Amino acid sequence: MRKYLLLISILLLSLASLTVQAQDSLTVQQSPLSDSIGCKTRYATTIELSKGYLSGITIMVREADVYHGVLFNEFGITALEFTYQPRRRRLS
Amino acid sequence: MKKLLLILVVFCIATTTVSAQAVSEAKIRQQIEAAAASMKTMQCDFVQTKYLRMLNDKMVSRGKMYYQQSDKLRWEYTSPYAYAFVLNGSRVLISKGNRNDVINVNQSKFFKEIARIMMNSVVGKALNDKRDFKVSLSSSATEYVAVLYPQQKQMQQMFQKIVLHFNRQRAMVAKVELIEKRGDRTVIEMMNVKVNSPINAKVFTVN
């Protein structure tokens, strides 16, 4: 479980300042999560591990100062719930 | 004397009620077992609704299920994602997009247990799995309801309980509810059920 949390932390911190490579090699900073409160985003998620992988869906909801998220597999079984505080760059 | 007689009558009524209930539960199990035994193949569409307690939200997925007695199962999601879980004997194929992974369940105790429980739950054989579940049965006008409480530690960590709803006429599973420890719930409703229709063997191919 700690391993998954660490991997999710790395994933979220990298998502927070996503870099998109365009065809002419220009780099564009794009935030994948809207700033609108109440906005919901859904991601197909894969976490690669040395002995296999965890796949599923992550749903994130923007609230006033935090993002709440849930990762669950295709069968609907919840793997983890998390709260991300962007100002403090903290994941719990 | 009158008091003694009254106590005796109450005791008799209570005993009769308990034994009637016991007979009724036994009859329900018998019907479900008979239906499961006579089911050579089964195919259906399903709608899966995942209720997310933390986000106060839900997500709906749709798919198809194919079953062939006694060890073949294909559980395939068609929307909003493409994902297939195919069990054929001792091998499992997990297909997601372009990625296909084949697992030998004999080499993974966890997968073996998951595959067995999935198969048994779908056809209603889980009621007899005393090692895995403590079962409570009840009935209403339209359905039988079996509440399964996990007994194994790994399952207990995931689920609070599993509720199987059986169509009373056919004694077959019509709805499955998976209630997780933290309160999230997944409901799977089966529809357009076809029993004992031929199924193309390619459906269960594990490459």
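Above this text you will find the structure in question.
Quick caveat: nothing in here was measured; it's all calculated off a predicted structure.

Chemist: Break down the pairing of strand β2 (residues 57-68) of chain B for me, with residues and values.
Modeler: Residues and elements named next belong to chain B. Both strand β1 (residues 41-52) and β2 contribute to a ladder of 12 bridges, which runs antiparallel. Paired with C44 across the two strands is M65, which belongs to β2. Linkage of β1 to β2, two consecutive antiparallel strands, is achieved through a turn of four residues, within which N56 is found at a positive phi near 50°. As paired strands, β2 and strand β3 (residues 72-79) are joined by seven bridges and run antiparallel to one another. Across the sheet, residue R62 finds its bridge partner in β3, namely S79. A loop of three residues connects β2 with β3, the two strands running antiparallel in sequence.

Chemist: I'd like a description of unusual backbone geometry, backed by residues and values.
Modeler: Residues and elements named next belong to chain B. Residue S70 follows Q69 across a cis peptide bond; omega there is 0°. Its location among the elements puts S70 in the loop between β2 and β3. Along the chain, S79 connects to P80 via a cis peptide bond; the corresponding omega equals 0°. Mapped onto the fold, P80 is located in the loop between β3 and β4 (83-88).

Chemist: Describe the sheet that holds strand β6 (residues 78-85) of chain A, with residues and values.
Modeler: Residue and element names in this part refer to chain A. Here we have five strands laid out as an open sheet, ordered β3-β4-β5-β6-β7, and antiparallel in their pairing. Two strands bound the open sheet, and with one partner strand each, they are β3 (40-49) and β7 (90-91). Two strands pair when backbone bridges link them, and β3 and strand β4 (residues 52-62) are joined in this way by 10 bridges, in the antiparallel orientation. What sits directly across from I47, in β4, is L54.

Conventions used here
- Residues numbered from 1 in each chain as written.
- Chains lettered and ligands numbered in written order.
- Predicted model: local features only at pLDDT ≥ 70, side-chain atom pairs only at ≥ 80, totals over all residues.
- Pairing = 2+ DSSP bridges.
- Helix = DSSP H or I, 4+ residues; strand = E, 2+ residues; numbered from the N terminus.

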